[in-house]
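Here's the letter readout for the chains.
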Amino acid sequence: IGYSLAMMNQNKIIRCWGVSRDDIIMVTHFSCFQCLEEISALRMCKQELHITCSENQEIIPMLHFSLLDGLKIQFKNSPKITSRQLTQNQRLLITMLLTRKDFYLHHEQLQLALWPDSPPERARKNADTLIDRLRKKLQELTGCENMKNYIVLKGGIISLQHSLTDISIFEALAKKGLALAQTGY
């Protein structure tokens, strides 16, 4: 398995005749936790299959954020969620996360942005409530069972995990195009 994944990665192959998407997911999932070409398998999962693997070996579909044509969110094959379906504060929280490097935001930054005049205890409670309501709203609209895998609050840091943006896809394709142009294609 490790050799096959290494060859697929080396030759930039992501699909094989007679091998289903589910089979490729199973193989890459297995290889991630057996340390067989783990980096190649994780890259293939994220970039090509749009899934990730959790620390407890669970396959997690990516949550997609579209920003190039207005804010839209999609999970698996669910209908796209538009910004109109979210409250102003929910949109602001998502925007703040998506515009930060690696989608991380300090809890205090959110509190100061939305409730600058509130006492710290009240602002913290408001922020926690906003995070919970956003998770519930996205869970309701996407059918995803556990939004805590995606909107994570840990150690005073709010983060978006297992997520992908159309901007990151555009950047990857632009880099690939530039690399091809430099080689004469």
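Residues numbered from 1 in each chain as written. Predicted model: local features only at pLDDT ≥ 70, side-chain atom pairs only at ≥ 80, totals over all residues. Heavy atoms only, no water.

Visitor: Explanation requested: the overall build of the chain in the structure shown.
Guide: In terms of regular secondary structure, the chain is built from seven helices and nine strands. Across the 185 residues in the chain, those meeting the buried criterion constitute 36%. Pairs at least 24 residues apart make up 50% of the contacts formed inside the chain by residues separated by at least 6 positions. Put simply, the chain shows about 11,800 Å² of open surface, and 54% of that area lies on carbon and sulfur atoms. (Helix = DSSP H or I, 4+ residues; strand = E, 2+ residues; numbered from the N terminus. Buried < 20%, exposed > 50% of the residue type's maximum accessible area, 1.4 Å probe, protein only. Contact = heavy atoms within 4.5 Å. Areas by Shrake-Rupley, 256 points an atom, 1.4 Å probe, with all protein chains shown as cover.)

Visitor: Even after reading the chapter, I still don't get the side chain of Thr 142, so can you show me in this structure?
Guide: With respect to the helices and strands, the residue Thr 142 is situated in helix H6 (residues 120–142). For Thr 142, the side chain forms a polar contact with the main-chain oxygen of Leu 138, separated by 2.6 Å. At a separation of 3.1 Å, a polar atom in the side chain of Thr 142 contacts the main-chain amide nitrogen of Cys 144. Beyond its immediate sequence surroundings of up to four residues, Thr 142 is in contact with Phe 75, Ser 78, Ile 81 and Met 147. (Polar contact = N/O pair within 3.5 Å; in protein donor to acceptor, adjacent residues only side chain to side chain.)

Visitor: Explain the sheet that holds strand E4 (residues 72–75) to me, please; I cannot follow it from the model alone.
Guide: Hydrogen bonds along the backbone pair up the strands of a sheet, which may run parallel or antiparallel. Spatially, E5-E4-E3-E9 is the arrangement adopted by the four strands of the open sheet, whose pairing is mixed. Strands with a single pairing partner mark the edges of an open sheet, and in this sheet they are strand E5 (81–82) and strand E9 (163–165). Relative to E4, strand E3 (residues 63–66) runs antiparallel, the two sharing four bridges. Each bridged residue has a counterpart across the sheet, and for Phe 65 the counterpart in E4 is Ile 73. (Pairing = 2+ DSSP bridges.)

Visitor: Would you mind going over a nonpolar patch on the surface with me for this structure?
Guide: Taken together, the side chains of Leu 67, Leu 68, Ile 167 and Phe 170 present a nonpolar region at the surface, about 380 Å² in accessible area. Tracing the sequence through the fold places Ile 167 in helix H7 (residues 166–182). On the basis of relative accessibility, which here comes to 33%, the residue Ile 167 falls in the partly exposed class. (Patch = residues over 30% accessible without salt bridge, like charges linked within 9 Å, V, L, I, M, F, W, Y side chains within 5 Å. Salt bridge = Lys/Arg side-chain N within 4 Å of Asp/Glu carboxyl O.)

Visitor: So what exactly am I meant to see when it comes to the packing of aromatic side chains here?
Guide: One pair of aromatic rings is described through two measures. These are the centre distance and the angle between the planes. All chains considered together, the criterion is met by one aromatic pair. Relative to Tyr 150, the ring of Phe 75 has its centre 5.7 Å away and its plane inclined at 85 degrees; by these criteria the two rings are edge-to-face. Of this pair, Phe 75 sits in strand E4 while Tyr 150 sits in the loop between H6 and strand E7 (151–154); the two residues are 75 residues apart in sequence, bridging distant segments of the chain. Judged by its relative accessible area of 1%, Tyr 150 falls in the buried class. (Phe/Tyr/Trp six-rings, centres within 6.5 Å; stacked < 30°, edge-to-face > 60°.)

Visitor: Please clarify how the pairing of E4 should be interpreted in this entry.
Guide: Looking along a regular strand, one sees the side chains alternate between the two faces of the sheet. The two faces of E4 differ: Ile 73 and Phe 75 on one face are buried, but Lys 72 and Gln 74 on the other face are not. Two strands pair when backbone bridges link them, and E4 and E5 are joined in this way by two bridges, in the antiparallel orientation. Residue pairing across strands places Lys 72 opposite Thr 82, the latter belonging to E5. Joining the antiparallel neighbours E4 and E5 is a turn of five residues, in which Lys 76 adopts a positive phi near 50 degrees.

Visitor: Could you clarify how one ought to interpret the packing of helix H4 (residues 88–98) against helix H5 (residues 107–114) in this entry?
Guide: At a closest axis distance of 11 Å, the pairing of H4 and H5 adopts a crossing angle of 135 degrees. In terms of orientation, H4 lies oblique with respect to H5. Between H4 and H5 lies a crossing of right-handed hand. Note on element contacts: H5 touches H4 through Gln 109, Leu 110, Ala 113 and Leu 114, opposite Asn 89, Leu 92, Leu 93 and Met 96. Partitioned by chemical class, the residues of the contact of H4 with H5 number six nonpolar, two polar and no charged. (Axes fitted to C-alpha atoms, helices over the stretch in contact; angles between N-to-C directions. Parallel < 35°, antiparallel > 145°, perpendicular 65-115°, else oblique. Left-handed = near helix turned anticlockwise from the far one by under 90°. Nonpolar A, V, L, I, M, F, W, Y, C, P; charged D, E, K, R; others polar.)

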